[in-house]
Every structure is written in C-alpha cells, then in structure tokens.
Amino acid sequence: MKIDIVLAGVGGQGILSIANIIGYAALKKGLMLKQAEVHGMSQRGGDVQSHLRLADYEIASDLIPKGQADLIISVEPMESLRYLPWLAPTGWLITNDNPFVNIPNYPDKEVIDQEFTKLPHKIIIPADNMAKELGSARSANMVILGAASPFLAIEFEALEEAVSDVFASKGVDVVNINLACLRAGREFALQNQ
Amino acid sequence: MSKLLLLGDEAIAQAALDAGISGVYAYPGTPSTEVMEYVQKSKQAAEGGVHRQWSANEKTAMEAALGMSYAGKRAIVCMKHVGLNVAADPFMNSAVTGANGGLVYLIADDPSMHSSQDEQDSRFYAKFANIPVFEPSNQQEAYDMTYEAFAFSEKHRIPVMLRVTTRLAHSRAGVERKKALPQNEIKLLENKKQFILLPAIARGLYRELLAKQPKLEKEAETSAYNKYIPGEDKSMGIIVTGIAYNYLMENYVGKKCPYTVLKISQYPVPTELVRRLVSECDTILVAEEGAPVIEESLKGMLDNGPKVKGRLDGTLPRDGELNPNLMAVALGLKDTYGSDVPKIVAPRPPALCTGCPHIDSYALINEAMSQYSPGRVFADIGCYTLGALPPYNAIYTTVDMGASITMAKGASDSGLRPVIAVIGDSTFTHSGMTSLLDCVIENTPITVFILDNMTTGMTGGQKSHALGKIAQICKGFGIPEEHIREITPLKKHHEENMAIVKEELEYEGVSVIIPIRECVQTLKKRLTKK
C-alpha cells in the first residue's frame, strides 16, 4: 500500500503540523515515510507545499510524481488548486474554505467555488469556523486533518493517539480541543463525501 | 537502535556528532542551515563541548575548521553552494595542505534556485581542487557517508566534500544511527611544514595531492556507494548520481529496472565502472542532479565516443532539478499528469511580512529617490531583496553577499549621484565591511543603508554577528559620527527619518543610515517562548 499526499498552504500557515501528526501515526504503524519540505525564502508568505509519502515498502523518490498523488490536503482554498497536476484521477482534494488574501489579484470566492465543482472528489470544509466554535481558532489544521482521515489508510484511533501524544506537553485541555477538532473534521467529511 | 525521522541536513549533523567531531563551523544559507541548527539543539553536542557557533562568513568558518583539523580533531563546515565561492580561497588551498583530523565540507547545492542566485554545481569545485566528493542519494546514505567521511579524510589526509542538493537536505526519512565515537585528542603533525604554503613547499605538496588521485579513484571504484546493477536490456546503460537515483527507481517501483545502472555517489568518477558500462551497453543515459559534469566528460569535446543522452542533448532539461516525471520521459516511459492548474490561480510570491521593518525603510528610500531617475539603489542578499517586487520596485541590483556597497561605490565613481546601498546587518558583517572600508578610504559620495533587524532573517533568525556593533564598526572605520545615523523604521517616525535621509543624500562623502528594529519573526518567536 502507499499514500502520497501533497500538503499545501501559504508560508506561515503551519502545514507541517498536519504532516507531523500523520508522520507520527504512520511511523508507529511501521510504515516507511518520506517528506519533502520547503524551507527558506518561500516561507515568507509565498505558496508552500510539502510532499508526504507513506508506504509499506521502501520509498524511492522524495517527490511525488505528477498525476499520482492520492490526496491534496490544503489549509487554503486557492492553494489547493495549484497542485492539481499532481492529483491522480482517483485522488481526493481536501481543503479549508477560508481564503488567505495577501496578494492584490486574489480571485473571487465564486470563481474558486466554480473550480471546485469541476472536481469529482473533494471535501471543502469551513475549518476555521469549526475550530473557532470548538474553542480554538488555532486548531483549524486538526479539523482539516480530520476531514482527510477517511482517506489516509491509517486507523482513526492511531491518529487520535498521535494527536494526544504530540500535544501532550501542552496540557490536557489543548489535547482535548485538538481531538474534538479532529473528530469534527472527520464527521464533516463522512457526511459530505 | 531505533530509527530517527530526520531531514537530510539533520542526518548529516547527527552522523558528524556520532563520528566524534569537535566542531561545526557555518554561516546560515538555505539549504544548509539545519545542520548547525541541529547541532546547536543537540544534548550530545552540548555534553561533548562541540563548537557550534555561527561564523561571520563561509571563509572564516572554513578556516576555523581547517585549524581544528590541523590540531588533529574532526570538524565539519557547512554552507550553501554560493557560500563556497566566498570560501574558495581556503577551499582550494586546503586541498594542497591536506587535512590532519578528519575534515568534511558539507556543500548544499540548490538546483532550480529555490533560494539562490545561481545553480552552480559544486562537483566542479571538487574536481578543480582535486578532492573527493561523497554525494548521498538518500537520508540513510547521508548519515552513513558523513559518518565514514571523517575516517576517509584522515586516511588520505585530504578534506572530503559532502555534496547534497535542496531536495535531500530538506526531505525527511527514517535514519538508523551507528555507534557514537569519542572525539580525537589533539595531535600535531611531526612534519612542521605540511601546512605552510610557501611556493617551494607548496610545489611538493601539490605533487603529493596529484599523487593521491589514483588512490582516491581506486576508493571510488570499490566504494559500496557506487553500485553497478546489471540489467537484461543492453540497448541502454544508465549513469545516475546522487538523488537522481531515487527518481530513476521511482519509475520501477515493484519491478526491476531492465537497464544496467551505474549509481555514482563517490568521486573522483570511477572510470573503470564507466568503461565497463560503456562496453556493455549501446547508448548511455546520464542523469545528474545539477550540471552535466559526468555527461560532458563522457562525451568529450569531439563527441566521437559512445552515444550519450542526458542534459546536453535535451533528453533531460539543461537546467533545474530533476524529478520522477522528467526521468520517465527520458526513459521512454509513459508520463503521468493530473489536471492543469486552473487559470484563476494567481501566483503568490514570497513577500515581506506584515510589520516588517524593511517595509518602512523602503518607504523612506522610495520617497527619497522619487525625484531622481531609477537605477540608483544597489541592494544585497537577504529578505530585503524582496524590495525588488511590487509594491516596492525599489532596487536595481542584487548579485552577491556584500556587493551592494561596492557596486554603489563603482556607480558613484562613475559620476552617478546620489547612490544608495542597501544591506542587512548580518550581510554587512559577512562581507560588507571591507566594501565600506574601500568607500571610506576614498570618501566616496554614497549613502549606505544598513538594515539592522537584529538577526539573520531570511534563513530563519540565526544570531547576527552585527548585533549591537554596526555604529561602532562604522565609527572605527573613520566615518564621522554625524554621518552615522541610527533611526527607528516605523511609520510614526517617517517624517523625521525622511529629513535625515535627505540630509545624508546631499552629503558628498560616506554616510551610513542604520534603521534598527527587530525582525517580526524573531520577535514573535521570542514572545511565544516567554
């Protein structure tokens, strides 16, 4: 088995926090992992992506070949579309619906939504709002991860365990809010899939 | 031992620690920065008292490491590819003196220029200097080859270049560690002339260096990292180097590559293995991450040898990094592709952060220069290079570290008035100080903005050597105090700052304006830590 994921967002949005949880759970399960990250100048408010590859065999390339990604997980709607060349015809696009506007020519919401309607497999999730309602606007990434969880081939319990372990040092309240966000995201995906 | 999930850079750092280094020397530069950062956070390094402070620039870093090696201890120097240009002097000459304690030069190349000014391939430099190169293709090899490089360096008494590229430096995978070795004791050489490059001595040492070459090549011929993997189909043989090997293998997941593959990770190029491949196969495909170094020498000037495909004939692109899709096409396999990026997706280039002090400095510069023709602002390398982009469109040049001041000097020498240099605090102490001294000696009419954000910003906020010292340095150079102007770049001070800038632009001599305000990124990090 293999799962190839393109993580997308804008520099500073913390896409690697999603990768950390998935990676943690995958390693515990004994899967192989490769994760290509972006460091340096692009982190300054530019588009950023990370290729996360999981498999039960030795992974060759650090980069996912175009047309072969199983998932795009994005914390920003327009950015999710930037990586469509990588998405396999059977792949899913999971994205936050809340735009991050730091450029003058950011497209209108309707235009972006039109592009989403063309895609056969997608989950567009109001992660920022959901996280805020659950008490932590900063945990939107966990809502998005929850929405991606049905497609990850990692048991949900393993992801919950990873969230608990990774956030453990920040106290039980932080763990619980992040778990709630993760579950809410998953619930949303299962209903809207 | 269980596996650690490490970036290529981190695997190198951990391997160097496990190989018993006594020091890391470096100047931050993407994609090499994380080696030093890893060592700085390492408990093992702290307990072993391993030197782990940043240096002023790559040249001082390399020289310090050289000194540590001459004293008998193991050291690693880390820099990006263009940093090696700065350190080229000690680099070339250290090949001639040779090493004593194991000495490794980690050079991180940046094909596709993700964060760089060019995509020079450091393997040219290694050939130039006649030193061996280790070029790992994955994180485990990065660990293993680094670990072994120190002993190799001591065995042949020569510095070893460890060459990685961005993709390996910044990609994570599981890595298995080896046993941690103790550090070397101090051990000075019996021969007290080994490290003195007086011409009469250097001639002998250079001959020694040349005499080492067949031995180094023999090592490469038998290296476990240079693999000859026979295939059934003899119509083509493939030479792959470093990480290109992974892109090749990605195209044969779950099956065997039908062609014979020569994977090269250790140089000098193992010519016997190459000869064997050429004799067994009809054509040769060469896939190198970087420049066509091997491909060019295989083709030769006359191109009357074997039929060679690669970057030079368009089978692979002439520039940029490789990937699995480019390899698929080169192999004649079916390429895969998702769907096009919708036209509505707008480019999102990196930009100065909200609240960045450079924004206020560029507001001053742009207003001051609005009455003159453009092309008078000579900039440097750092976040403030983003002043090239809209809405600022503020700068005319960016070439190399420290060049802003001397380029502005040349323009001033040519009669252009006024001219401005824009340089960051860390870049100033990296290699802008000598440029400023040139201006002071001639009292060149020039206004130098030294943007002091109190850190090395672009690479993630490393400690700057310039911290709290810039005005003092300028004073020491002999710039009159009334022309060293420290200002606070904030909107609310714009008018008073503007008056200062205008005064200094009119001054027929060297003046320095130092806008001082902390980088918002390091400020944020500092406040969250509290």
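Keep in mind the model is a prediction, meaning the values are calculated, not measured.

*Asks:* A description of the overall build of chain B should follow, citing residues and the corresponding values.
*Replies:* Within chain B one finds 20 helices and 18 strands. On C-alpha atoms alone, chain B measures out to a radius of gyration of 25 Å, which is about the 24 Å that the 2.2 N^0.38 rule sets for 530 residues. For chain B, the spread of C-alpha atoms along the three principal axes comes to 75 × 65 × 55 Å. The proportion of buried residues among the 530 residues of chain B is 54%. Relative to all contacts within chain B whose residues are 6 or more apart in sequence, the contacts with residues 24 or more apart total 77%.

*Asks:* Kindly report on the overall build of chain A, identifying the contributing residues and their values.
*Replies:* The number of helices and strands found in chain A is seven helices and six strands. The N-to-C order of helical and strand elements in chain A reads β-α-β-β-β-α-β-α-β-α-α-α-α. By the compact-globule yardstick of 16 Å for 193 residues, chain A fits well, its C-alpha radius of gyration being 16 Å. When the backbone C-alpha atoms are referred to their principal axes, chain A occupies close to 40 × 40 × 35 Å. Counting across all 193 residues of chain A, residues that qualify as buried make up 54%. Looking at chain A alone, contacts between residues at least 24 apart form 65% of all its contacts between residues at least 6 apart.

*Asks:* Account for the nonpolar core, with residues named and values stated.
*Replies:* Membership of the largest hydrophobic core comes to 165 residues, with the highest contact counts inside it found for A:Ile144 and B:Val77. Counting the residues that make up this core, at least three belong to each of domain 1 (4–222) and domain 2 (227–330) of chain B. Not counting chain neighbours up to four residues away, the residues in contact with A:Ile144 comprise A:Ile18, A:Ile73, A:Val75, A:Ile94, A:Asn96, A:Ile125, A:Ala127 and A:Gly185. Counting 50 residues, the second-largest nonpolar core is a separate cluster that includes B:Ile365, B:Ala421, B:Ala466 and B:Val501.

*Asks:* Can you lay out the confidence of the model for chain B for me, pointing to particular residues and giving the numbers?
*Replies:* Scored by pLDDT, chain B comes out at a mean of 97, with 100% of its residues at no less than 70. Of the two predicted TM-score estimates for the complex, the pTM is 0.96 and the ipTM is 0.95.

*Asks:* I'd like a description of the sheet that holds strand S10 (residues 259–264) of chain B, backed by residues and values.
*Replies:* Residue and element names in this part refer to chain B. Taking strand neighbours across the sheet as the criterion, the five strands line up as S8-S10-S9-S12-S13 in an open arrangement whose pairing is mixed. Pairing within the sheet leaves two strands with one partner each, and these edge strands are strand S8 (227–229) and strand S13 (307–309). Looking at each pair of strands side by side, their axes are set apart by 20 degrees on average, direction ignored. One ladder, built from three bridges, connects strand S12 (residues 283–287) with S13; its direction is parallel. In the sheet register, Ile284 faces S13, and the bridge partner there is Val308.

*Asks:* Could you give me a rundown of the packing of helix H16 (residues 403–413) of chain B against helix H17 (residues 425–442) of chain B, with the residues and numbers involved?
*Replies:* Residue and element names in this part refer to chain B. Remark: H16 packs on H17, axes separated minimally by 7 Å, with the N-to-C direction vectors making an angle of 25 degrees. By the criterion of interaxial angle, the relationship of H16 to H17 is roughly parallel. By crossing handedness, the relation of H16 to H17 is classed as left-handed. Facing H16, whose interface residues are Ile405, Thr406 and Lys409, H17 presents Gly432, Ser435, Leu436, Asp438 and Cys439. In terms of residue class, the contact of H16 with H17 is made up of three nonpolar, three polar and two charged.

*Asks:* Residue-level account of the interface of chain A and chain B, with values.
*Replies:* The interface is formed by 42 residues belonging to chain A together with 36 residues belonging to chain B. For the side of chain A that touches chain B, the element with the highest residue contribution is strand S2 (residues 32–36) of chain A, accounting for four residues. When the residues that make up the side of chain A that touches chain B are grouped by side-chain class, the tally is 21 nonpolar, 13 polar and eight charged. Strand direction decides the pairing type here: S2(A) and strand S7 (residues 171–175) of chain B, joined by three bridges, are antiparallel. Paired with A:Gln35 across the two strands is B:Arg172, which belongs to S7(B).

*Asks:* An account of the sheet that holds S2(A) is requested, with residue identities and associated values reported.
*Replies:* If you walk across this open sheet you meet the eight strands as S6(A)-S5(A)-S4(A)-S1(A)-S3(A)-S2(A)-S7(B)-S1(B), and the pairing is mixed. What marks the edges here is a single partner per strand, and that holds for strand S6 (122–125) of chain A together with strand S1 (4–7) of chain B. The average angle at which neighbouring strand axes cross in this sheet is 20 degrees, direction not considered.

*Asks:* An account of the domain arrangement of chain B is needed here, citing residue identities and associated values.
*Replies:* Many structure descriptions define interface size as the accessible area lost when the parts assemble. All names here are of chain B. The domain architecture assigned to chain B consists of domain 1 (4–222), domain 2 (227–330) and domain 3 (357–526). Each of domain 1 and domain 2 has a C-alpha centre, and the two are 27 Å apart. Between domain 1 and domain 2, the contact holds 24 residues from the first and 20 residues from the second. Counting residues per element, the side of domain 1 that touches domain 2 draws most heavily on helix H10 (residues 199–222), which supplies five residues.

*Asks:* Can you lay out unusual backbone geometry for me, pointing to particular residues and giving the numbers?
*Replies:* Residues and elements named next belong to chain B. With an omega dihedral of 15 degrees, the bond running from Tyr267 to Pro268 counts as a cis peptide bond. The residue Pro268 is located in the loop between strand S11 (266–267) and helix H12 (271–280) in this model. For the bond running from Pro390 to Pro391, omega is 5 degrees, close enough to zero to count as cis. One can find Pro391 in the loop between strand S14 (377–378) and H16. In the Ramachandran plot, Asn393 falls in the positive-phi region, its phi being about 45 degrees despite a non-glycine side chain. Mapped onto the elements, Asn393 comes out in the loop between S14 and H16.

*Asks:* Mind laying out helix H8 (residues 139–156) of chain B, listing which residues take part and the relevant values?
*Replies:* All names here are of chain B. Helix length check: H8 (18 residues) gives 25 Å between terminal C-alpha atoms against 26 Å at 1.5 Å per residue, within 8%. Ala149 marks where H8 bends most, by close to 30 degrees. Of the residues making up H8, those classed as buried are Gln139, Glu141, Ala142, Tyr143, Asp144, Met145, Thr146, Tyr147, Glu148, Ala149, Phe150 and Ser153. Once H8 finishes, Arg157 follows within two positions and takes phi at roughly 50 degrees, a positive value.

*Asks:* Give a detailed account of the pairing of strand S3 (residues 47–55) of chain A, specifying residues and quantitative values.
*Replies:* Residues and elements named next belong to chain A. Most of S3 is tucked away: eight of the nine residues are buried. Two elements, strand S1 (residues 2–10) and S3, share nine bridges in a ladder whose sense is antiparallel. From the neighbouring strand, Ile3 faces S3, where its bridge partner is Leu54. The pairing of S2 with S3 spans five bridges and is antiparallel. In the sheet register, Leu33 faces S3, and the bridge partner there is Leu54.

*Asks:* Go over the packing of H17(B) against helix H18 (residues 470–477) of chain B with me, naming the residues and quoting the values.
*Replies:* Residue and element names in this part refer to chain B. One way to put it is that H17 packs onto H18 with a least axis distance of 10 Å and a crossing angle of 20 degrees. Viewed along their axes, H17 and H18 adopt a mutual orientation that is roughly parallel. For the crossing formed where H17 meets H18, the hand is right-handed. Note on element contacts: H18 touches H17 through Ile470, Ile473 and Phe477, opposite Asp425, Phe428, Met433, Leu436, Leu437 and Val440.

*Asks:* Account for helix H1 (residues 15–28) of chain A, with residues named and values stated.
*Replies:* Taking 1.5 Å per residue as the helical rise, H1(A) with its 14 residues ought to reach 20 Å, and the 21 Å between its terminal C-alpha atoms agrees with that figure. Looking at H1(A), one finds that the buried residues are A:Ile15, A:Ile18, A:Ala19, A:Ile21, A:Ile22, A:Gly23, A:Ala25 and A:Ala26.

*Asks:* Describe the environment of B:Gly23, with residues and values.
*Replies:* Residues and elements named next belong to chain B. Examined against the element boundaries, Gly23 turns out to sit in strand S2 (residues 23–26). Along the backbone, Gly23 and Val50 are 27 residues apart, and their C-alpha atoms lie at a distance of 5.0 Å. Ignoring anything within four residues of it in the chain, the contact list for Gly23 reads Val50, His51, Ala65, Met68 and Ala75.

Criteria and cut-off values
Residue numbering note: each chain is counted from 1, following its sequence as written. Chain labels run from A onward and ligand labels from 1 onward, assigned in the order the entries are written. Given that the model is predicted, a residue must reach a pLDDT of at least 70 before its local features are reported, and side-chain atom pairs must reach 80 or more before they are shown or counted; all residues, however, enter totals for whole chains, interfaces and linings. Numbering of helices and strands starts at the N terminus; helices are DSSP runs of H or I of at least 4 residues and strands are runs of E of at least 2. The reference for a compact globule is 2.2 Å times residues^0.38; the radius of gyration itself is calculated from the C-alpha atoms. Buried residues are those with 20 or more other C-beta atoms within 10 Å of their own C-beta, exposed residues have 12 or fewer, and partly exposed residues lie in between; C-beta atoms are placed from the backbone. What counts as a contact is two residues whose backbone-derived C-beta atoms lie within 7 Å of each other. Note on definitions: a nonpolar core is a set of buried residues drawn from Ala, Val, Leu, Ile, Met, Phe, Trp, Tyr and Cys, linked by C-beta atoms within 7 Å. What marks off one domain from the next here is an automatic or database domain assignment. pLDDT measures how confident the predictor is about each residue, on a scale from 0 to 100. Paired strands are those between which DSSP finds at least two bridges. In this analysis, axes come from line fits to C-alpha atoms, helices being fitted only over the stretch in contact, and the angle between any two N-to-C directions falls in the range 0 to 180 degrees. Roughly parallel covers angles under 35 degrees, roughly antiparallel covers those over 145, roughly perpendicular covers 65 to 115, and oblique covers all other angles. Handedness of each helix crossing follows the sense of rotation of the near helix against the far helix: counterclockwise by less than a right angle gives left-handed, clockwise gives right-handed. Ten residues, namely Ala, Val, Leu, Ile, Met, Phe, Trp, Tyr, Cys and Pro, are considered nonpolar, four, namely Asp, Glu, Lys and Arg, are considered charged, and the remaining ones, Gly among them, are considered polar. Given the number of residues in a helix, its expected span is that number minus one, multiplied by 1.5 Å. Fitting axes to the seven residues ending at a residue and to the seven starting there, one defines the bend at that residue as the angle between these axes.

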